[in-house]
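# Close look at the chain arrangement
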Amino acid sequence: MIDLRSDTITKPTKEMREAMFLAEVGDDVYGEDPTIIKLEETAAKILGKEAALFVTSGTQGNQIAVLTHCRQGDEIILDEDSHIVFYEGGAISAFAGVQPRTIKSENGMLDPKKLEEAIRTNDIHFPDTTLICLENTHNRSGGAVIPPSHMKKLFDVATEKKIPIHLDGARLFNSAVALNLPLTEFTQYTTTVQICLSKGLGAPVGSILAGPKEFIEKARKWRKRLGGGLRQVGILGAAGFVALTEMVDRLAIDHENAKILADGLDKHPLISVINKVETNIVLIDITKTGKRSDKFIEALKQIGILAVPFGPKTIRFTTHYDVSKENIKETVNKVLNLK
Ligand SMILES: Cc1ncc(COP(=O)(O)O)c(CN[C@H](C(=O)O)[C@H](C)O)c1O
């Protein structure tokens, strides 16, 4: 099977497994796990933040960010297609008790004017707007890169209104590699940021939430409240450290493979690629095939290819470390022969 369902599929590399085996560990609830301390300090530095916290997933990182920034009854502004709204099971309402105020983005980019209009004024009838959430790359726009110049426009609106910005940067490294920029070019326009170690970077588990020191102390307590007090977690941290320090540059290969895949699939008379393939995600429209996406996914599985539905007529393919250029070429040849 050529598994293009997601970059979450990546399995730990040999180097990661060795690092896990040799990891020096301690009880992280008492702050005594040297490997996770090293990971958190390194991540904070790379992200240009005062402190960082290892979390078990991107979802947990986003949810702890909302719980730490907000109070029950607050309103947060996000893109209607953001992962936090679309894929996190309503957790911001279930746990943090906050109200999402969604605005539609253009290719993952919120309009600064619409953002400003969505911010509540001080009125007894209104909830307070206490957080703005961005996503970069933008998953449902097909891994769209939000350039720092656009992030600055949103940051300027938020700063003027004294509202923090949380960036869901699950694939922020993909944006940084696509634009050949350091992460701090993006994170300078955020208060807090979550990045995934377990997606394109290949770690088996985990994300990092980074931000101001005081914020991270509060976030650590929220993680504990959620049962996230981790013990000898250096075992996971060791793999995360390899991901963070050795697996970033190779994301360019995933981007190249995504472009080869997109160019190939687009040649099929009944398929059209609908996103500008800037990173590791390809979205195709299958309307002309007359098939619904679930049926098309089954047809792909019959020919040894795994992908995910992204709507009734849309399919997503995601390239990653465990899919080679040969796999991509094989995928193109097989799909081109699909009737
Ligand atoms: C932008 C963004 N932010 C957060 C997350 C959550 O990360 P995890 O909770 O899966 O570690 C994801 C995962 N995305 C997964 C995928 O793309 O296959 C699924 C949809 O949850 C994400 O794409």
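Refer to the structure above for everything that follows.
Residues numbered from 1 in each chain as written. Predicted model: local features only at pLDDT ≥ 70, side-chain atom pairs only at ≥ 80, totals over all residues. Heavy atoms only, no water.

## A few points about the overall build of the chain
Filter applied, for reference: Going along the chain from the N terminus, every DSSP run of H or I of four or more residues is numbered as a helix, and every run of E of two or more is numbered as a strand. A radius of gyration in this sense is built from C-alpha atoms; the matching globule rule multiplies 2.2 Å by the number of residues raised to 0.38. Throughout, exposure labels follow a simple rule: accessible area from a 1.4 Å probe, protein chains only, divided by the maximum for the residue type, with under 20% read as buried, over 50% as exposed, and the rest as partly exposed. Here, two residues are considered to be in contact whenever any of their heavy atoms come within 4.5 Å of each other. For the area figures, the Shrake-Rupley method with a 1.4 Å probe applies, and any residue is considered shielded solely by the protein chains shown. For the purpose of charge, His is not counted, nor are the chain termini; Lys and Arg are scored as positive and Asp and Glu as negative. Charge positions come from single atoms, namely NZ of Lys, CZ of Arg, CG of Asp or CD of Glu.
If you tally the helices and strands in the chain, you get 14 helices and 13 strands. Expected size for 339 residues packed as a compact globule is a radius of gyration near 20 Å; at 20 Å, the chain falls within 12% of this value. Projecting the C-alpha coordinates of the chain onto the three principal axes gives extents of approximately 55 × 55 × 35 Å. Evaluated residue by residue, the chain yields a buried proportion of 55% over its 339 residues. Pairs at least 24 apart in sequence give 72% of the contacts found in the chain among residues at least 6 apart. Total accessible area on the chain stands at roughly 14800 Å², and carbon and sulfur atoms take up 54% of it. Across the chain, 43 positive and 44 negative side-chain charges occur, with their mean positions spaced 4 Å apart.

## Re the sheet that holds strand S2 (residues 51-55)
The test is simple: Whether two strands pair depends on DSSP finding at least two bridges between them. Every angle, taken between N-to-C directions, lies between 0 and 180 degrees, and every axis is a line fitted to C-alpha atoms, over only the stretch in contact when it is a helix.
Spatial ordering of the open sheet is given by S2-S8-S7-S6-S5-S3-S4, a layout of 7 strands whose pairing is mixed. Looking at strand neighbours, the two that pair on one side only are S2 and strand S4 (99-103), the edges of this open sheet. With direction set aside, neighbouring strand axes in the sheet form an average angle of 20°. Pairing analysis gives 4 bridges linking strand S6 (residues 165-169) to strand S7 (residues 192-196), with the strands arranged parallel.

## As for the layout of surface pockets
Spelled out, the test is: Cavities and pockets were defined on a 1 Å grid built over protein atoms only: a cavity is a set of grid points that admits a 1.4 Å probe from which the probe cannot escape, a pocket is an open set flanked by protein on both sides within 12 Å along at least five of seven lines, and lining residues are those with an atom within 4 Å of any such point. Grid points are joined across faces, edges and corners, and a volume is the space filled by probe spheres set on the points. In this count, Pro and Cys sit with the nonpolar residues alongside Ala, Val, Leu, Ile, Met, Phe, Trp and Tyr, while Asp, Glu, Lys and Arg are called charged and the others, Gly among them, polar.
There is about 270 Å³ of room inside the largest pocket. Taken together, 20 residues form the lining of the largest pocket, with Thr 8, His 83, Asn 139, Arg 171 and Lys 199 sitting closest to its centre. Those elements that provide at least two residues to the lining of the largest pocket are helix H3 (58-69) and S7. Classifying every residue of the lining of the largest pocket gives 4 nonpolar, 10 polar and 6 charged. Of the pockets and cavities examined, the second largest pocket occupies roughly 230 Å³. Considering the residues around the second largest pocket, the lining is formed by 13 residues, among which Glu 40, Ala 51, Ala 52, Ile 216 and Arg 220 are closest to the centre.

## Looking at the packing of aromatic side chains
Applied cut-off: When two rings of Phe, Tyr or Trp (its six-membered ring) have centres within 6.5 Å they constitute a pair, described as stacked for plane angles under 30 degrees, edge-to-face for angles over 60, and tilted for the intermediate range.
Going through the model one piece at a time under the given rule, you end up with 2 aromatic pairs. Ring geometry for Phe 155 against Tyr 189: centres 5.6 Å apart, planes inclined by 55°, an arrangement best described as tilted. Remark: Tyr 189 occurs in the loop between helix H9 (184-187) and S7 and Phe 155 occurs in helix H7 (residues 148-160); sequence separation between them is 34 residues. Phe 155 sits in the partly exposed class, given a relative accessible area of 24%. The class of Tyr 189 is buried, set by a relative accessible area of 13%.

## A short note on the site of the ligand
This is how it is decided: Residue proximity to a molecule or strand is established when one non-hydrogen atom of the residue lies within 4 Å of it. Think of a polar contact as two N or O atoms within 3.5 Å of one another; within protein, one of them needs to be a possible hydrogen donor and the other a possible acceptor, and neighboring residues in sequence only count if both atoms come from side chains. If over half the atoms of a molecule are within 2 Å of the grid points of a cavity or pocket, the molecule is regarded as sitting in it.
Ser 6, Thr 59, His 83, Asp 168 and Arg 171 are the nearest of the 14 residues found near the ligand. Interatomic distance of 3.4 Å between a side-chain N/O atom of Asn 139 and an oxygen atom of the ligand. Lys 199 is positioned such that a nitrogen or oxygen atom in its side chain is 2.9 Å from an oxygen atom of the ligand. Isolated, the ligand exposes 500 Å² of accessible area, and the fraction of that covered by the protein chains is 83%. In this structure the site holding the ligand corresponds to the largest pocket.

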